[in-house]
Amino acid sequence: MKLYAYCLASGIDTLYEPVQGISAARVRLLKTEDLGVLVSDFDADTVPVTRENALAHAAVVRSVLDKTTPLPFRFGTLVNELQLRNYISTHKDAIDTKLKHVSECVEMSVKIIRDVSADSQREPLEKYQDNEQGIGAMFLAEKRREIIGDERRAAQAAELSAWLRESLHGLIRDEQVTVRPGEKLVLSAAFLVEMVKFGPYREKVAQICAERPDLHFLLSGPWPPYSFAGLELEFKSQFGVS
Amino acid sequence: MELSPKTPLPAEPAIETSHVEEFVEQLRCVTDTLPSRINIDAQSVEQGLAKLVLTLIEFIRRLLEKQAVRRMEGGDLSPEQIEELGLALMRLEAKLQELKTQFRLADEELNLDLGPIGRLI
């Protein structure tokens, strides 16, 4: 029998309410050293990636969020008890550091879609385009126009990222920002926000959204700190891949 | 840890946007490009290898294009050299397009996620 591992946490000695996990299995707290791991029994080799399972995983991790900030395991983490205990004892310092880093925080997400219609204006081909040029020169002139456009988009995306970071300065403990200048979904950010700063963070983000009506925002949270867990698990089976 | 009563932390996560459909479409594109599961069989190995090789060729092709444009802008190429270089790069692009069609790969599939560094292209 394998264990499905949901998250690691400190400061919890028992689960006060019964929690159902993947495949409606009862979740229990496995104590090891001074840490607790939320696990449930699982008797297959792989975990189907379904909406139901994903929601069950999220619900279990979230169930302890009002008591402590857990470090979530990656969805589909299957282990046996010995592997889990060995992992924790050999990585104890790193786990403690991570737990301290996310302590009393939640993850808030900001995604931004940029209005691409502003890009429709084409750069002039200038001196590289004239009727006497051959097809090869015309091709290079077109490439030059594309490169200039790419560079402009990259600069705009970097500016957007810097603006967001500067606007939230003092309200976040950490951030994970992904910028994709060439895509419509230009920025995806996860912010680690201390719970006591949750209200001011929300107010600031509302202000940010109002400041830039040209951008489309998707805000979500509070989430357990999925983007900041970063546990390098070395178990043999994740998603059934050895 | 007890939360301060002043902390307005909601019991459930909320998702807020005025552009739901747009985000659903974009997030679906992102998840479509994520490797869902490693499934090793003869056909997928061939396809995966082609994807990797063509991604690297595409990356090099783009570098060559940039280099050619920089040289053109720098004025150190004669009109004949510009024409010749442009034609060579155009043929390379056409050939790569042909290979992508042969392996049924879309433009957006030719990329590598390098984790925290970002994407290759």
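Residues numbered from 1 in each chain as written. Chains lettered and ligands numbered in written order. Predicted model: local features only at pLDDT ≥ 70, side-chain atom pairs only at ≥ 80, totals over all residues.

**Q** Explain the overall build of chain B here, please?
**A** When helices and strands are tallied, chain B shows three helices and one strand. Of the regular secondary structure in chain B, the N- to C-terminal order runs β-α-α-α. Looking at the 121 residues of chain B, the share that counts as buried comes to 9%. Of the contacts made within chain B by residues no fewer than 6 positions apart, 64% connect residues no fewer than 24 positions apart. (Helix = DSSP H or I, 4+ residues; strand = E, 2+ residues; numbered from the N terminus. Buried ≥ 20, exposed ≤ 12 C-beta atoms within 10 Å, placed from the backbone. Contact = placed C-beta atoms within 7 Å.)

**Q** Help me understand the confidence of the model for chain A in this model?
**A** Any residue range with low pLDDT should be treated as having predicted coordinates unsuitable for detailed reading. Residues and elements named next belong to chain A. Averaged over all residues, the pLDDT of chain A is 86; the fraction at 70 or higher stands at 88%. Here residues 122-128 is modelled with pLDDT under 50, and outside its nearest four sequence neighbours on either side it reaches nine contacts, counting other chains as well. Confidence drops under a pLDDT of 50 for residues 234-242, and excluding neighbours within four residues, the segment shows 17 contacts in the predicted structure. (pLDDT = per-residue confidence, 0-100.)

**Q** Is there a simple way to think about the interface of chain A and chain B in this case?
**A** Residue-level contacts link 33 residues of chain A with 34 residues of chain B. Of all the elements in the fold, those that place two or more residues in the side of chain A that touches chain B are strand S6 (105-114), helix H4 (135-167), helix H5 (198-211) and strand S9 (215-223) of chain A. Per-class residue counts for the side of chain A that touches chain B are 18 nonpolar, eight polar and seven charged. (Nonpolar A, V, L, I, M, F, W, Y, C, P; charged D, E, K, R; others polar.)

**Q** Even after reading the chapter, I still don't get the domain arrangement of chain A, so can you show me in this structure?
**A** For interface size, the figure often reported is the accessible area lost on association. One can read the domain layout of chain A as domain 1 (2-103) and domain 2 (106-223). The centre of domain 1 of chain A, based on its C-alpha atoms, is set 35 Å off from the matching centre of domain 2 of chain A. (Domains from an automatic or database assignment.)

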